[in-house]
Amino acid sequence: MTASPGAHLRSLTGLRFAAALLVVVFHLSLVAPGLGQLGRLAAAGYVGVTFFFVLSGFVLTYSWGGDATAPRFYRRRFARIYPVHVLFVALAMLPWGARPNWGALPANLALLQAWSPDDAVARSFSGVSWSLSCEFFFYATFPILVRVFWRWVRRPLVVGAATVALAFAVGVAMQLHDPEWGAWLFHLPAFRMVEFVAGSLAALAMTRGWVPRLRLRWAGVFVVVSYLSVLVIPVAIGYRFEDRWALSLAMVPSLVMLIAVCAHVDLVGAPSPLQGRTVVSLGQWSFCIYMAHPLVLGFTQPLLASAGVFGSLLGCALVVLAVVGVSFVLHVAVERPLERRLRGAGDVRASGAVDTVSDGVPVPLVTRPSVIATSYPRRSST
């Protein structure tokens, strides 16, 4: 069976919204006391960031073509994340909240804040931008990394699994040496890069013929079971803030499988509930959703003051709608036009030859023959 030449990785874009929403709900659960036990279901929502790291590695590797160059890659990545980042750093300077940590401003502007062991520095100004600091490091090393992988890695999935296992062992050793290091590992770019590498190696495996045999629904079940385990394990051992790095790593295998399965489904033209226009549009706004939600949360927090579960749920729903509305405006008025301007007129982002997918990276519409064998039913062309 051959894949449609117009296949898009739309399901991965739809998954971006699910991951961003998970992070939003996680932060809502922290400021909505009325949710009670229900709010605890979102207690591991921070693993949405793990999804973004894995997805970033997968998409960037899969879309890395023979004509790719480091300067073009860096320009695209800069255009993708930096304008929105600077916008929220500037908004954090306005006198409507806590006083900014001015000493951390240079690190924020250089996207180096996550390297600090001080959590107050890593989360200064735009608190969620610590993850962009990690991504910035991933991007800086990627052109070298991808060439090393293509040339030297013969069994990508085995190397990926070994990398995650080694990272876990190193993390345990570091935390045993100094418990405070556990909190640093959660936002340390060099450590979180393991998740990016796992996604990258999965993409490399697919380009070499690996076909994930798991059905989409079972890949989803795998993720749900892993997430529930991440919720239950801290209760069993006693929750510690500094253990979140380990719980994030525990999610990597299931997230790698879900991303690979969704990509494969799209490449062969099989149907997926993540391919709908609304879900894909929300996925395209997900970066703004992720960046804007703490600010929106600060203004709408009175809606979450209800002591009852129903009132809190209603307040949370209204806040999510507000976040989505603000993010749509930012995507249309700021993110998209500035990215196009910075990329330049000669670098067309979406045309008849490419399609914008999960991390804003153009993926060739001509699929790789090595990844098309499958038993999935094809989507009808009618």
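Rules behind the numbers
- Residues numbered from 1 in each chain as written.
- Predicted model: local features only at pLDDT ≥ 70, side-chain atom pairs only at ≥ 80, totals over all residues.
- Heavy atoms only, no water.
- Helix = DSSP H or I, 4+ residues; strand = E, 2+ residues; numbered from the N terminus.
- Contact = heavy atoms within 4.5 Å.
- Expected span 1.5 Å × (residues − 1).
- Buried < 20%, exposed > 50% of the residue type's maximum accessible area, 1.4 Å probe, protein only.
- Phe/Tyr/Trp six-rings, centres within 6.5 Å; stacked < 30°, edge-to-face > 60°.
- Salt bridge = Lys/Arg side-chain N within 4 Å of Asp/Glu carboxyl O.

Turning next to the environment of Ala 263. Considering the arrangement of structural elements, one finds Ala 263 in helix α12 (residues 252–267). Once residues within four sequence positions are removed from consideration, Ala 263 is found in contact with Leu 9, Leu 12 and Phe 58.

Let us now look at helix α2 (residues 47–62). Its 16 residues place the ends of α2 23 Å apart at the C-alpha level, agreeing with the 22 Å of an ideal helix rising 1.5 Å per residue. Among the 16 residues of α2, 16 are classified as buried, and the element is accordingly described as predominantly covered.

By secondary structure assignment, the location of Ser 63 is in the loop between α2 and α3 (70–92). Ser 63 sits in the buried class, given a relative accessible area of 14%.

This next bit is on the packing of aromatic side chains. With the rule as written, the count across this model stands at 21 aromatic pairs. Summarising the aromatic geometry, the rings of Trp 64 and Phe 142 are spaced 5.4 Å apart at their centres and angled 85 degrees between planes, so their arrangement reads as edge-to-face. Here Trp 64 is found in the loop between α2 and α3, whereas its partner Phe 142 is found in helix α6 (residues 130–152), with 78 residues between them in sequence. When its relative accessible area of 0% is taken as the criterion, Phe 142 is described as buried. Ring centres 5.7 Å apart and planes at 45 degrees place the aromatic pair Phe 168 and Trp 245 in the tilted group. Placement of the pair is Phe 168 in helix α7 (residues 156–177) and Trp 245 in helix α11 (residues 244–250), with a sequence separation of 77 residues. Judged by its relative accessible area of 3%, Trp 245 falls in the buried class.

One pass over the full model with this rule turns up four salt bridges. Its salt-bridge partner being Glu 195, residue Arg 192 comes within 2.7 Å of it at the nearest N-O pair. Taken together, the residues Arg 192 and Glu 195, both in helix α9 (residues 189–207) and three residues apart, mark about one turn of the helix. In this structure Arg 192 comes out as buried when scored by relative accessible area, which is 1%.

Nothing here speaks to function; it is all geometry.
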